[in-house]
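A structural walkthrough
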Amino acid sequence: MTAFEKVLKAREITRPKITDYVSELFTDFFELRGDGLKKEDKSIYGGIALFHGEPVTVIGHRKGHDAGENIECNFAMPGPEGYRKAMRLMAQAEKFKRPVITFVDTPGAYPGLEAEMFGQSQAISASLAFMSRLKTPVITVVTGEGSSGGALAISVADRILMLENAVYSVLSPEGFASILWHESARKAEAAEVMKLTAEDLLNFGVTDGIIREDDIFQNVDKAIYDALTELKKKSTDELLKERFDKYRKFDERFCGAVSRA
Amino acid sequence: MVTAVEERKNKFIRYKNLRENPVKVLSGMGKTTVDAGKAKEAYTARDRVRDIADRDSFAEFDDKFEETDPLEFEGYTDKKEALRAETGLHDAVLSGTCTVGGYPAVLAVMDKRFMMASMGIEVGEKISLAAEYAMEHKLPLIIFTASGGARMQEGILALMQMAKTSAVIERFKEAGGLYISVLTHPTTGGVSASFATLGDITLAEPGALIGFAGPRVIEQTIGEKLPEGFQRAEFLEEHGFADRVVPREGMKEALTILLKLHSKESL
């Protein structure tokens, strides 16, 4: 499969969505809504559930199974309210010592008038900063398309897992081709150049593991379970230090020997 | 009665102001967008350091970096080489220590002549190193932001700089450090949505475009023209996301007061 074929596959409407993962992998899911400040943003889906009998907080981008559902959840493009809702749920998880599991599948944060007016940038940066210090294990699974800051905002995690046909990139290949070559039609070439497949991201050290899609729910279940088992052995201090170091150092091979005048 | 000598002197001062401070001079002429555009051409990171740091106080961080080209993107390293020759900068951030109105601080300034000061690994690393230096030496951190966003040519590793800089800044703030973010024209995309908007105190320059998505993308998405002044510094202040809009000529004074208010001597 070419990189762009993977992009198309990652976007397929028939791929499982967060609501499917929630019903297949968790029990007793109780949805929580709203950011507690302004409104409910349906493009972020979240709540509390049991995972192998243990309470966890689940948060993720919501895509629909058809056009109607997609319109309702704004095609998984959150506004600031969505990220603030995610932070609210994460703060709760920290308080009640629940691990956080996030599912990433978004074309990006919504580029809209209201979103800007109510602080899209501020909501995303706050979430990045907040997650980097969250005192509970965080696991992210990239299930479809992970695009730009809108994806990153809920994926600062101890473990990042990717489905084998998921993609994760700085922006869409269409946007990349449009910005760098002024030709969005060169999207397939862009996808190749961008190195956005699960294998690429594993090589970059951005993701920690690839999940095969032959038996998708069972494999995702096992991957999360294994990661969680490992993370639960760590103290909070260890967890935070390792998370910080991961983001601080994964690109250090490019940074050379630092000398200070 | 103005003598010829005085007239020449006044003319020289006007010329000098125009050259050194184009925004100030042009701001009486109407559209902020025009001013901001002119500023883009004229005002470099070194100009900024000259105007903010006390005379001869700036000691530049001399960080060395490997070439960063994770995608091996065609023409990228050549482009950077050319820009290095042109700007005298290794990438889009100039950083170091200085005093401002007598108060010591770490100062980092982004320079949009260098690929619109987009954030790749080196930019992210320089911002992180500046914050870590400030943390280690218990100094306030001042960052003048300007950026088109993540540097596309570095792909996913550019995106990850958002998480990296945010984590480092957050740790600095948690340790009690003061971070003053000054948003200048333009601060958008991945920089706007990471360290630029994490300041304990956020200042913004008049007319600066500040936002996550670019105006053109938003117009295409919503299918209508954006209102005048949308995403400008004043718009941010009005909506509660900037503490103050401060004109360039008052910036040093504002920073001096803020540093004074956070200095040990004032406690």
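This text goes with the structure placed above it.
In short, a report on the structure. (Residues numbered from 1 in each chain as written. Chains lettered and ligands numbered in written order. Predicted model: local features only at pLDDT ≥ 70, side-chain atom pairs only at ≥ 80, totals over all residues. Heavy atoms only, no water.)

1. Here's the deal with the overall build of chain A
Formally: To qualify as a helix, a DSSP run of H or I must reach at least 4 residues; to qualify as a strand, a run of E must reach at least 2; elements of each kind are numbered from the N terminus. With the radius of gyration taken over C-alpha atoms, the globule rule is written as 2.2 Å times the number of residues to the power 0.38. Working definition: with a 1.4 Å probe on protein chains only, accessible area under 20% of the residue-type maximum means buried, over 50% means exposed, and in between means partly exposed. In what follows, residue pairs with any heavy atoms lying within 4.5 Å of each other are defined as contacts.
A count of helices and strands for chain A gives 12 helices and 8 strands. For 261 residues, the compact-globule estimate of 2.2 N^0.38 gives 18 Å, and the C-alpha radius of gyration of chain A, at 18 Å, lies within 12% of that figure. Projected onto its principal axes, the C-alpha coordinates of chain A cover approximately 55 × 50 × 45 Å. By the burial criterion, 59% of the 261 residues in chain A qualify as buried. Counting only contacts in chain A whose residues sit at least 6 apart along the sequence, the fraction spanning at least 24 positions is 72%.

2. Some words on the overall build of chain B
Spelled out, the test is: The accessible surface values rely on the Shrake-Rupley method and a 1.4 Å probe; as for residues, cover is taken only from the protein chains in view.
A tally of regular secondary structure across chain B gives 11 helices and 8 strands. When the 267 residues of chain B are sorted by exposure, 58% land in the buried category. For chain B, contacts bridging at least 24 residues in sequence account for 72% of all contacts bridging at least 6. Working note: accessible area of chain B is about 11,900 Å², and carbon and sulfur atoms make up 51% of it.

3. Examining the packing of aromatic side chains
Two numbers describe a pair of aromatic rings. These are the distance of the centres and the angle of the planes. Selection criterion: Two aromatic rings, drawn from Phe, Tyr or Trp (for Trp, its six-membered ring), form a pair once their centres lie within 6.5 Å of each other, and the interplanar angle then sorts them: stacked below 30 degrees, edge-to-face above 60, tilted otherwise. Any Lys NZ or Arg CZ found within 6 Å of a ring centre and within 35 degrees of that ring's normal is scored as a charge over the ring.
Evaluation of the coordinates by the stated rule reveals 11 aromatic pairs over all chains. Ring geometry for F29 of chain A versus Y45 of chain A: centroids 5.3 Å apart, planes at 35 degrees, classification tilted. Remark: Y45 of chain A occurs in strand β2 (residues 44-51) and F29 of chain A occurs in strand β1 (residues 27-31); sequence separation between them is 16 residues. Ring centres of F176 of chain A and W181 of chain A lie 6.0 Å apart, and the angle between their planes is 85 degrees; this geometry places the pair in the edge-to-face category. Side by side, F176 of chain A and W181 of chain A carry an identical accessibility label, which is buried. Above the face of the W181 of chain A ring, R186 of chain A is positioned so that its terminal group lies 4.3 Å from the ring centre. Directly above the aromatic system of Y43 of chain B lies the positively charged group of R248 of chain B, at a separation of 3.7 Å from the ring centroid.

4. A few points about unusual backbone geometry
Negative phi characterises most residues that are not glycine, and trans characterises most peptide bonds. Going from H185 of chain B to P186 of chain B, the amide bond is cis rather than trans, its omega being -20 degrees. Mapped onto the elements of the fold, P186 of chain B is located in strand β5 (residues 179-188). Look at N74 of chain A: it is not a glycine, yet its phi comes out positive at around 50 degrees. On the secondary structure map, N74 of chain A appears in the loop between α3 (67-72) and α4 (80-95). With relative accessibility at 26%, the residue N74 of chain A sits in the partly exposed group.

5. Points about empty space enclosed by the protein
All names here are of chain B. Defined as follows: Both cavities and pockets are sets of points on a 1 Å grid over the protein atoms alone; in a cavity a 1.4 Å probe fits but cannot get out, in a pocket the set is open with protein on both sides within 12 Å along at least five of seven lines, and lining residues sit with an atom within 4 Å of a point. Grid points are joined across faces, edges and corners, and a volume is the space filled by probe spheres set on the points.
Counted by the stated rule, this structure contains 3 cavities of 30 Å³ or more. In this structure, the largest cavity spans a volume of roughly 100 Å³. Every residue lining the largest cavity is counted, 13 residues in all, and those nearest its centre are Y43, R48, M110, K112 and T184. Of all the elements in the fold, those that place two or more residues in the lining of the largest cavity are α4 (45-52), β3 (103-110) and β5.

6. Some points on the interface of chain B and chain A
Definition in use: Note on terms: buried area is the combined drop in 1.4 Å-probe accessible area of two parts once they are placed together, counting the loss on both. Basic side-chain nitrogens of Lys or Arg form a salt bridge, by our definition, when they fall within 4 Å of a carboxyl oxygen of Asp or Glu. Think of a polar contact as two N or O atoms within 3.5 Å of one another; within protein, one of them needs to be a possible hydrogen donor and the other a possible acceptor, and neighboring residues in sequence only count if both atoms come from side chains.
Listed by partner, the interface residues are 59 residues for chain B and 52 residues for chain A. Roughly 4,800 Å² is buried in total at the junction of chain B and chain A, and carbon and sulfur atoms are behind 70% of that figure. Together, M152, I156 and F212 of chain B form the three largest contributors to the area buried by chain B at its contact with chain A, with a combined 15%. In this structure, E132 of chain B engages R248 of chain A in a salt bridge whose closest nitrogen and oxygen atoms are separated by 2.6 Å. Between chain B and chain A we count 15 residue pairs in polar contact (both at pLDDT 80 or more) in total. Mapped by element, the contributors of at least two residues to the side of chain B that touches chain A are α6 (121-136), α7 (155-174), α9 (215-222) and α10 (233-238) of chain B.

7. Structural notes on the pattern of salt bridges
A side chain with one charge can pair with a side chain of the opposite charge if their charged atoms come near. This structure, assessed with the given rule, holds 39 salt bridges over all chains. Between R33 of chain A and E31 of chain A there is a salt bridge, with its nearest N and O atoms 3.0 Å apart. We note a salt bridge from D51 of chain B to R50 of chain B, for which the minimum N-O separation is 3.0 Å. You can call D51 of chain B partly exposed: its relative accessible area is 29%. Given the relative accessible area of 43%, R50 of chain B is considered partly exposed.

8. Considering the side chain of S127 of chain A
Residue and element names in this part refer to chain A. Considering the arrangement of structural elements, one finds S127 in helix α6 (residues 120-132). According to the relative accessible area criterion, S127 is buried, its value standing at 0%. When residues no more than four places from it in sequence are discounted, the contact partners of S127 are M87, M90 and A153.

9. Some thoughts on the environment of A188 of chain A
Within the secondary structure, A188 of chain A is located in helix α9 (residues 187-194). Linking A188 of chain A and A3 of chain A, residues 185 residues apart in sequence, is a C-alpha distance of 7.4 Å.

10. Notes on helix α2 (residues 18-25) of chain A
All names here are of chain A. Where we set the bar: In this context, the arc is that of the directions from the helix axis out to the C-beta atoms.
Those residues of α2 not exposed but buried are I18, Y21, V22 and L25. One side of α2 holds all its buried residues, which, seen down the axis, span an arc of 100 degrees. Facing away from the buried side of α2 by more than 90 degrees, the exposed set consists of S23 and E24.

11. Digging into the packing of α6 of chain B against α7 of chain B
Residues and elements named next belong to chain B. Heads up, the condition is: Geometry is summarised by axes, namely lines fitted to C-alpha atoms with helices restricted to the contacting stretch, and by angles between N-to-C directions that run from 0 to 180 degrees. Comment on the angle field: the value is read as roughly parallel under 35 degrees, roughly antiparallel over 145, roughly perpendicular from 65 to 115, and oblique elsewhere. Charged means Asp, Glu, Lys or Arg here, nonpolar means Ala, Val, Leu, Ile, Met, Phe, Trp, Tyr, Cys or Pro, and polar covers whatever is left, Gly included.
At a closest axis distance of 9 Å, the pairing of α6 and α7 adopts a crossing angle of 5 degrees. As far as their axial angle goes, α7 and α6 are roughly parallel. Of the residues in α7, those in contact with I121, G124, E125, I127, S128, A131, E132, A134 and M135 of α6 are L157, Q161, K164, T165, V168, I169, R171 and F172. Of the residues belonging to the contact of α6 with α7, the class tally is 9 nonpolar, 4 polar and 4 charged.

12. Description of helix α8 (residues 173-181) of chain A
Residues P173, G175, F176, A177 and W181 of chain A constitute the buried set of α8 of chain A. At the C-terminal side of α8 of chain A, H182 of chain A shows a positive phi close to 55 degrees.

13. Quick word on the pairing of β5 of chain B
Residues and elements named next belong to chain B. Filter applied, for reference: Look down the strands so they point away from you; if the path from the first strand over the helix to the second goes clockwise, the crossover is right-handed. The pairing criterion for strands is at least two bridges between them, as found by DSSP.
Buried residues dominate β5, accounting for 10 of its 10 residues. In this view, the connection linking strand β4 (residues 141-147) to its parallel neighbour β5 by way of α7 has right-handed handedness. Sheet topology places β5 next to strand β6 (residues 201-204); 4 bridges connect them, and they run parallel. Along β6, the bridge assignment pairs V182 with L203. When β5 meets strand β7 (residues 210-211), the two strands line up parallel, connected through 2 bridges. The residue of β7 that forms the bridge with T188 is G211.

Interpretation in functional terms is not warranted from these geometric data alone.
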